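Results of the structural survey
Chain by chain, the residues run as shown.
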Amino acid sequence: MSHETGETPFFRDPAAVTSLQGKRVVAFAGLADNEQFFASLRQVGCEIIRRVEFKDHHRYTPSDIHELVESAIRLGVDCLVTTTKDDVKIDRPKSLPIEWVVVDVQIGMPMDGERFRQFLMQSL
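Residues numbered from 1 in each chain as written. Predicted model: local features only at pLDDT ≥ 70, side-chain atom pairs only at ≥ 80, totals over all residues. Heavy atoms only, no water.

A short note on the pattern of salt bridges
How we decide: Salt bridge, as applied in this entry: a Lys or Arg side-chain nitrogen positioned within 4 Å of an Asp or Glu carboxyl oxygen. Burial classes: relative accessible area under 20% of the type maximum marks a residue as buried, over 50% as exposed, and values in between as partly exposed (1.4 Å probe, protein chains only).
Scanning the entire structure with this criterion turns up seven salt bridges. Across the salt bridge formed by Glu35 and Arg42, the nearest N and O atoms sit 2.6 Å from each other. Residue classification places Glu35 among the partly exposed residues on the basis of a relative accessible area of 31%. Two residues, Arg92 and Asp87, come together in a salt bridge whose shortest N-O distance is 3.1 Å. A relative accessible area of 16% places Asp87 in the buried class.

Structural data, given as structure tokens:
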């Protein structure tokens with residue numbers, strides 16, 4: 001995962017996502033750049049069976065969650081995976097028939113600090 005290029009986000013707690021290695025998942029997110037999230041999951045060894053992209057700041061509805069859970073069960077995956085940013089916007093049932101995994105991501109800057117400073121100075 002390349003922090004300097006901004007290609008993928010780092011997981012804030014890489015050890016927490018090692019449990020996802022080798023798992024078949026339905027992954028979903030509503031980020032400014034969802035591809036970074038999906039790429040990071042693949043890099044830690046997740047097999048994304050289905051990916052669902054929502055727009056940034058998506059307001060999750062009960063039908064969104066129902067559809068995600070139903071598709072995960074139908075596809076026989078190990079779990080649903082989303083981001084902390086998305087999870088806090090979801091009123092999910094206390095009990096689900098499938099594991100729900102939340103990972104915390106931090107989006108990398110598209111360039112290192114010095115290049116970013118130079119970019120800002122040139123832009124001003």
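A closer look at the packing of aromatic side chains
What counts, and what does not: Stacked, tilted and edge-to-face are the three classes applied to pairs of Phe, Tyr and Trp rings, where Trp contributes its six-membered ring and a pair requires centres within 6.5 Å; stacked means planes under 30 degrees apart, edge-to-face means over 60, and tilted covers the rest. Helix and strand labels come from DSSP, where a helix needs a run of H or I of at least four residues and a strand needs a run of E of at least two; each type is numbered from the N terminus.
Tallying each qualifying case throughout the model produces five aromatic pairs. Centroid distance Phe28 to Trp100: 5.6 Å. Interplanar angle 70°. Geometry classified as edge-to-face. Taken together, the positions of Phe28 in strand S2 (residues 24-29) and Trp100 in strand S5 (residues 99-103) put the pair 72 residues apart, joining distant regions of the chain. As far as the burial class goes, Phe28 and Trp100 line up, both buried. An angle of 70° between the planes, with centres 5.0 Å apart, marks the rings of Phe54 and Tyr60 as edge-to-face. Comparing Phe54 with Tyr60, the two get one shared label, buried. Connected via pairs of aromatic rings, a cluster forms that spans Phe28, Phe54, Tyr60 and Trp100.

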